[in-house]
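# Breakdown of the fold
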Amino acid sequence: MKKMLLVLGLIMVSTLIFAQNKNYVVVFKDSFEAPIRKNQIRNPNRGQQANSNASSRNQKIAKLDQFLRQRNIPQGQAKKFVDGAVGFVASLNSNEVSNLRNDPNVQVVVEDFRMQSRPRMQGSRPRMQGENFGDWLYDPAIKASCAIPLMGGSSTGLSRSSIWIIDSGVEATHSDLNVSTNPNFSASFISGESPLEDFAGHGTHCAGLAAGMGQGNPGVTGMSPGAEIIPIKVLDGNGFGNWSNLVLALDHVEKFGVAGDVVMMSLGASEIMDCENSEPFLRDIIMDLGDKGVFVVMSAGNEANLANSNLPGCINGPNVVTVASVDFSCGEIGGFSAFSNFGIPPIDWVAPGNALVSTFPRNSYNVMSGTSMAGALVAGLIHSKGGLPNRGVSVDFGGVTYFVAGR
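Conventions adopted
By convention here, each chain's residues receive numbers from 1 onward along its written sequence. Local features are withheld for residues below a pLDDT of 70 in this predicted model, meaning they are given only at 70 or higher, and side-chain atom pairs are given and counted only at 80 or more; totals for whole chains, interfaces and linings count all residues. Side-chain descriptors were evaluated using all non-hydrogen atoms of the structure, hydrogens and water having been removed beforehand. Helix and strand assignments come from DSSP, with helices taken as H or I runs of at least 4 residues and strands as E runs of at least 2, each series counted from the N terminus. C-alpha atoms define the radius of gyration, and 2.2 Å times the number of residues to the power 0.38 defines the globule rule. We call two residues in contact whenever any of their non-hydrogen atoms come within 4.5 Å of each other. When two cysteine sulfur atoms are found within 2.5 Å, that pair is recorded as a disulfide. Exposure classes here rest on a 1.4 Å probe applied to the protein chains alone. A residue is buried below 20% of its type maximum, exposed above 50%, and partly exposed in between. Strands are labelled as partners when DSSP assigns at least two bridges between them. Axis lines are fitted to C-alpha atoms, over the contacting stretch for helices. Their N-to-C directions set the angle, which ranges from 0 to 180 degrees. We define a nonpolar core as any set of buried Ala, Val, Leu, Ile, Met, Phe, Trp, Tyr and Cys residues linked to one another through side-chain atoms lying within 4.5 Å. Just to be clear on terms, a salt bridge is a Lys or Arg side-chain nitrogen sitting within 4 Å of an Asp or Glu carboxyl oxygen. UniProt positions are given in the numbering used here, feature names are shortened, and annotations may be inferred rather than shown by experiment. Polar contacts, as counted here, are pairs of nitrogen or oxygen atoms within 3.5 Å of one another; within protein the pair requires one atom able to donate a hydrogen and one able to accept it, and residues that are adjacent in sequence qualify only if both atoms are side-chain atoms.

### What about the overall build of the protein?
Helix and strand content of the protein: 10 helices and 21 strands. The globule rule puts the C-alpha radius of gyration for 407 residues at 22 Å, and the 22 Å found for the protein is close to it. If one aligns the C-alpha atoms of the protein with their principal axes, the spans along those axes are about 80 × 50 × 45 Å. Across the protein, every contact between residues at least 6 apart in sequence was considered, and the portion connecting residues at least 24 apart equals 77%.

Below you can see the structure in the form of C-alpha cells.
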C-alpha cells in the first residue's frame, strides 16, 4: 500500500512539474555569442548570402547545443535561431526559467504569448473565378480595387527584390499571384502546415493588394503587379500564432533577406506597455533590416487606440514604416477609419483600408477591412518604387495631420 501511494505521489509531482511547463524565448548576450547580422557577409543573391554565412551559423548553433546539453534541455525540442539574435524557443519549467534568468550569459527570458491578425470580413461570401463583383469598390477597367489609383496606380517595379509576407500563408496556386515555392525561402512556423496554403485567408488577401497580377477573372491587380511573394506562415487558420513564431520568422528573413526586399507584418499584440522597448532584441532585428535596405511595413492595429501600444507596429527606424487606415470611395479618399489605431509616432503613412477587394483562398476573391489591407498597399507601393512613398493628400484626425502614401 505504501509503495502504491509513493508511486501515485511521484506521478502527481511529475504531472505538476509538467503542467508548469510553458513556452519561452531565450535570448543570449553578445558576450556569449553575437548574432550573424552583426558581421554578416551580404550578397544580392539571397541563396549565396545564406551559404556565405553557413560556417558561422553552424558554429553558433553548435555552441547553443553545448549550452542546452549542459543544462539538460533537450536539443531536439528547442527551436534555435542565430541570424537576427542568438537564442532558442523551448518549453521550460519554473526551475529551468529561474536558472536561465540567473545565467550571466542570458540577456532575457520571455514567456511566449499569442498574437493575431484582426481583419474585418466584408463580403457575404468569397466570389469565385468568373463571378461578378461590381457591388464592391472595384474598377473593372484596371482590374483593381478603387483604392489603387488613389495611391498613384499600379506600377511594375524594376527591382528583382521580393515581398515577404509574414502572415497566415499565401495560396500559391491563385491565378493572380506570383508566389515563391522555393522551400529554402518560403517557410512555415505552424506545425504541419505549408506556407503555400492559407486557411485564414488573411495572407492571401494582403498578397493580392501588394502584388496581384490581374490575370484572373475578373482578377485583382496590386500596387506592384507580379512581384514575387515569399510567404512566411506564423498564423494558423484562425489568425492566431505564438509570439515566438514571429521571432523565428524575422530570424529567417535576416538569413535570406536582401536590400530592396519588403517585409510585411500585419499582425501583433495590443496594449503593450513601453511598447517600442518591450522586446529590445526584436526591435533591434527590425531596425537592422531597415538599416540594410530591407523595408519593413507594419500595420498600426485595429483597436481604435493609440498605435504606440501595438507591437510590433510601435517600432520606429529608418525604412521601418507603420500604416494606419482611411476610408475611401471610387475616386475619393475619406476620413480616418473608425477601427484604425492612430498617433504620430509611430504612424508614418495612411492608406485605404476599409472594404478592399483582393485575392482569397480557393482561387477566389473577397472583401476585407483593416490596417492590414492598408499596410499591404503600402508594401506594394514601396516595392514598385524601390523606396519610401511620397506624400499624397492629407487627412486630419484628432488634431493630427496624416498623409496618404502615394507615388
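### Quick word on the state of the cysteines
Taken as a whole, this structure holds 2 disulfides when the rule is applied. A sulfur-sulfur distance of 1.9 Å marks the disulfide that ties Cys 146 to Cys 330. The sign of the S-S torsion, about 70°, decides the handedness of the disulfide formed by Cys 146 and Cys 330: right-handed. A residue pair is termed long-range when its members are at least 10 positions apart, and Cys 146 in the loop between β8 (144-145) and α5 (147-150) and Cys 330 in the loop between β15 (320-329) and β16 (332-336) qualify at 184 residues. Assessed through its relative accessible area of 47%, Cys 330 is described here as partly exposed. Linked covalently through their sulfurs, Cys 275 and Cys 314 form a disulfide whose S-S length is 2.2 Å. A torsion of -80° about the S-S bond marks the disulfide between Cys 275 and Cys 314 as left-handed.

### Description of the sheet that holds strand β4 (residues 106-111)
In a beta sheet, neighbouring strands pair by backbone hydrogen bonds and run either parallel or antiparallel. Strand order in the open sheet formed by 4 strands is β2-β3-β1-β4, and the pairing between neighbours is antiparallel. Taken across any chain shown, the strands that pair with only one partner, and hence form the sheet edges, are β2 (79-81) and β4. Between one strand axis and the next, the sheet turns through 25° on average, direction left out of account. As judged from the 5 bridges shared by strand β1 (residues 22-28) and β4, these two strands associate in the antiparallel manner. When the sheet's bridge partners are listed, Tyr 24 is paired in β4 with Glu 111. The strands touched by helix α4 (residues 94-101) are β1, β3 (87-92) and β4; relative to β3, the strand with the most contacts, the crossing angle is about 150°.

### With respect to the nonpolar core
One finds Met 151, Ile 163, Ile 229, Val 297, Leu 377 and Val 378 to be the most contacted residues of the largest nonpolar core, which totals 50 residues. Take this core: its biggest share by element is 8 residues, from helix α10 (residues 371-385). The residues contacting Val 297, other than those within four sequence positions of it, are Val 262, Val 263, Met 264, Met 265, Val 321, Val 323, Gly 375, Val 378, Ala 379 and Ile 382. Among the nonpolar cores identified, the runner-up in size contains 40 residues, and Phe 185, Leu 246, Leu 250 and Val 296 belong to it.

### Some details on the pattern of salt bridges
Following the criterion strictly, the structure yields 14 salt bridges and no others. Asp 261 serves as the salt-bridge partner of Arg 46, at 2.7 Å between the closest nitrogen and oxygen. Of this pair, Arg 46 sits in helix α2 (residues 46-52) while Asp 261 sits in the loop between α7 (243-256) and β13 (262-265), and the two are 215 residues apart along the sequence. Between Asp 103 and Arg 71 there is a salt bridge, and its shortest N-O distance comes to 2.9 Å. Of the two residues, Asp 103 is situated in the loop between α4 and β4 and Arg 71 in the loop between α3 (54-70) and β2; the sequence distance between them amounts to 32 residues. For Asp 103, a relative accessible area of 10% puts it in the buried group. Taking relative accessible area as the criterion, Arg 71 reaches 30% and is therefore assigned partly exposed. Look at the salt bridges and you will find they share partners, linking Arg 37, Glu 254, Asp 288 and Lys 292 into a network.

### Focus: the environment of Asn 305
Looking at the element boundaries, Asn 305 is found in the loop between β14 (295-299) and β15. With relative accessibility at 31%, the residue Asn 305 sits in the partly exposed group. Considering only alpha carbons, one finds Asn 305 and Asn 341, 36 residues apart in sequence, at a separation of 4.7 Å. With residues up to four places along the chain from it excluded, the contact list for Asn 305 reads Ser 340, Asn 341 and Phe 342.

### Here's the deal with the UniProt feature "active site" (unreviewed entry) in the protein
Under the UniProt annotation, the feature "active site" (unreviewed entry) is placed at Asp 167, His 202 and Ser 372. Over a stretch of 206 residues, the named residues converge on one spot in the fold, their C-alpha atoms separated by at most 10.2 Å. Take His 202: its relative accessible area is 1%, and that puts it in the buried class. Position of Ser 372 relative to the elements: it lies in helix α10. The residues touching Ser 372, leaving out its near neighbours within four places in the chain, are His 202, Cys 206, Met 264, Ser 266 and Ser 299. At a separation of 2.9 Å, a polar atom in the side chain of Ser 372 contacts the side chain of His 202.

### Looking at the environment of Ala 376
Note on placement: Ala 376 falls in helix α10. Given the relative accessible area of 0%, Ala 376 is considered buried. Sequence spacing of Ala 376 and Met 264 is 112 residues, and the spatial spacing of their C-alpha atoms is 7.1 Å. Sequence-distant contacts of Ala 376, that is, excluding residues within four places in its chain, are made with Cys 206, Leu 209, Ala 210 and Met 264.

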